[in-house]
Amino acid sequence: TFNQVAPICEGTTLTNLPTISNNGITGVWSPAIDNTVTTNYAFTPTSDDCALTVPMTIVVNPKTQPVFSTIETICYGDATFSLPTVSTNGVVGTWSPVFSNTQTTAYIFTPNPQECAFTASTEVSVFDDFDFQFTKYCQNGNLMLQVFPSQGSFDINSAQFNWQIDNVNVGNNVIFDVTTYLKNTVVTEVLPISFIITVTNADGCQKTKSIPVESIYCGIQKGISPNNDGLNEFFDLRFLNVKHLSIFNRYGTKVYSKDGYKEEWHGQADNGNILPDATYYYVIDFENEGSKTGWIYINNEN
């Protein structure tokens, strides 16, 4: 009698079978031990002619080849991607070296000790990093925000742009007209305000930045024409954080004033009468304690 040898994994070290049985009979085994395939062995007694030949089958489980899905190239710095620790055919293990989302790297998958499986390898490709910058400038009296690539790191013609405020999409062009947006939104925005710009390059990789806007000042308009044509109907100082506005005629007489001014003057005096066409002079006091003087012309003609 012998103790049955438990099944082993292919390639696991397999010691020679004992040449003396549990009940003291000496003999030899054949064929030679093989740790690569399930084999039937026979014990032939040599010390006792009155003993039976004994068979024993040692099961060798073949190793499984871990299988993994194809890994597409990932974006530089992608924090959402990780290598799977379980293969698609159920093998559990670990990867080495430590995963990097910033450079293309070859990795080795080592099955856990209890797994009867081969090692596996894969390479994770990482797209090159890209970046962008932005600029603020005035165009026709409007504050504009514009995105441009850093050191040519992406093709701006094949990129996509998404401007957001409060998680709402407000524009999809490389240039964003802040003044027009603020003057036409149904929500009264209060400066300072931050716009979120997300750039998606041709590889589908994204980068997001926040652009703060403290003021949309691009110069004061030179005239108003309150003639109900929808153009320049009022002195527009919205979003400039005006503390107080004073309007004077050419003789230096104050004709209009208002605290917390935004857009209320359309050529009227303090008493509500329409002022004649002429050049008037203003003093704007801002909330930040600065001030500005200048002139503005009224043209009431249709």
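Just above, that's the structure.
Please read all numbers here as calculations on a predicted model, not as lab measurements.

**Q** Go over the overall build of the protein chain with me, naming the residues and quoting the values.
**A** The number of helices and strands found in the protein chain is one helix and 20 strands. Taken against the 2.2 N^0.38 rule, which gives 19 Å for 302 residues, the C-alpha radius of gyration of the protein chain at 41 Å runs more than 25% over that of a compact globule. Principal-axis analysis of the C-alpha atoms places the extent of the protein chain at approximately 140 × 35 × 30 Å. Looking at the protein chain residue by residue over its 302 residues, the buried ones come to 32%. Sequence-distant contacts, at least 24 apart, represent 45% of the contacts inside the protein chain between residues at least 6 apart. Within the protein chain, the 29 negative side-chain charges are centred at a point lying 19 Å from the centre of the 13 positive side-chain charges.

**Q** Go over the state of the cysteines with me, naming the residues and quoting the values.
**A** Using the criterion set out here, one finds three disulfides in the structure. Note that Cys9 is cross-linked by a disulfide to Cys116, the S-S spacing being 2.1 Å. The S-S bond linking Cys9 to Cys116 shows a torsion near 85°; that makes this disulfide right-handed. Taken together, the positions of Cys9 in strand E1 (residues 8-9) and Cys116 in the loop between strand E7 (105-111) and strand E8 (120-124) put the pair 107 residues apart, joining distant regions of the chain. Judged by its relative accessible area of 17%, Cys9 is buried. With a sulfur-sulfur separation of 2.0 Å, Cys138 is cross-linked through a disulfide to Cys218. Its torsion about the S-S bond being -80°, the disulfide of Cys138 and Cys218 is classed as left-handed. Of this pair, Cys138 sits in strand E9 (residues 132-139) while Cys218 sits in the loop between strand E15 (206-213) and strand E16 (223-224); the two residues are 80 residues apart in sequence, bridging distant segments of the chain. Overall, the relative accessible area of 43% leaves Cys138 in the partly exposed class. Residue Cys218 is classed as buried on the basis of its relative accessible area, which comes to 18%. Described in terms of the sequence order of its bonded cysteines, the disulfide pattern of the protein chain is 1-3, 2-5, 4-6.

**Q** Account for unusual backbone geometry, with residues named and values stated.
**A** Cis geometry is adopted by the peptide bond preceding Pro31, which originates at Ser30 and carries an omega value of -5°. A cis amide bond links Leu191 to the next residue, Pro192, at an omega of 0°. Here Pro192 shows up in the loop between helix H1 (178-184) and strand E14 (193-200). With a phi angle near 55°, Asn140 is a residue other than glycine that sits in the positive phi range.

**Q** Hey, could you go over the side chain of Asn249 for me, with residue numbers and the actual values?
**A** Mapped onto the fold, Asn249 is located in the loop between strand E17 (242-248) and strand E18 (254-259). Non-local contacts of Asn249, meaning those with residues more than four positions away in its chain, are made with Val255, Tyr280 and Tyr281.

**Q** Break down the sheet that holds E15 for me, with residues and values.
**A** Taken in spatial order, the four strands of this open sheet run E12-E11-E14-E15, and their pairing is antiparallel. One side of each edge strand has no neighbouring strand; the edge strands of this open sheet are strand E12 (168-171) and E15. On average, each strand axis in the sheet is tilted by 35° relative to the strand beside it, whichever way the strands run. Where E14 lies against E15, eight bridges are found, and the strand directions are antiparallel. Among the inter-strand pairings, Ile197 is bridged to a residue of E15, identified as Lys209.

**Q** Describe the pairing of strand E19 (residues 278-286), with residues and values.
**A** Pairing geometry for E17 and E19, over six bridges, is antiparallel. For Val242, the partnering residue across the bridge sits in E19 and is Phe286. By the bridge criterion, eight bridges tie E19 to strand E20 (residues 291-298) in an arrangement that is antiparallel. When the sheet's bridge partners are listed, Tyr280 is paired in E20 with Ile296. Connecting the antiparallel pair E19 and E20 is a turn made up of four residues, with Glu289 showing a positive phi of about 80°.

**Q** For the nonpolar core, give the residues involved together with the corresponding values.
**A** Ranked by size, the top nonpolar core spans 46 residues in total, and within it Phe195, Phe235 and Trp265 carry the most contacts. Excluding anything up to four places from it in sequence, Phe235 contacts Ile220, Gln221, Ile224, Leu245, Ile247, Tyr261, Lys262, Glu263, Trp265, Tyr282 and Ile296.

**Q** Give a detailed account of the pattern of salt bridges, specifying residues and quantitative values.
**A** Considering all chains together, one arrives at six salt bridges under this definition. The salt bridge involving Asp129 is made with Lys207; its shortest N-O contact spans 3.0 Å. A residue pair is termed long-range when its members are at least 10 positions apart, and Asp129 in the loop between E8 and E9 and Lys207 in strand E15 qualify at 78 residues. Using a relative accessible area of 22% as the deciding quantity, one classes Lys207 as partly exposed. In this structure, Arg238 and Asp236 form a salt bridge, with 3.0 Å as the shortest nitrogen-oxygen distance. With relative accessibility at 18%, the residue Arg238 sits in the buried group. By sharing partners, the salt bridges in this structure join Lys183, Asp236, Arg238 and Glu263 into a single network.

Definitions and limits used
Residues numbered from 1 in each chain as written. Predicted model: local features only at pLDDT ≥ 70, side-chain atom pairs only at ≥ 80, totals over all residues. Heavy atoms only, no water. Helix = DSSP H or I, 4+ residues; strand = E, 2+ residues; numbered from the N terminus. Rg over C-alpha atoms; globule rule 2.2 N^0.38 Å. Buried < 20%, exposed > 50% of the residue type's maximum accessible area, 1.4 Å probe, protein only. Contact = heavy atoms within 4.5 Å. Lys, Arg positive; Asp, Glu negative; His and termini not counted. Charge placed at Lys NZ, Arg CZ, Asp CG, Glu CD. Disulfide = S-S within 2.5 Å. Pairing = 2+ DSSP bridges. Axes fitted to C-alpha atoms, helices over the stretch in contact; angles between N-to-C directions. Core = buried A, V, L, I, M, F, W, Y, C linked by side-chain atoms within 4.5 Å. Salt bridge = Lys/Arg side-chain N within 4 Å of Asp/Glu carboxyl O.

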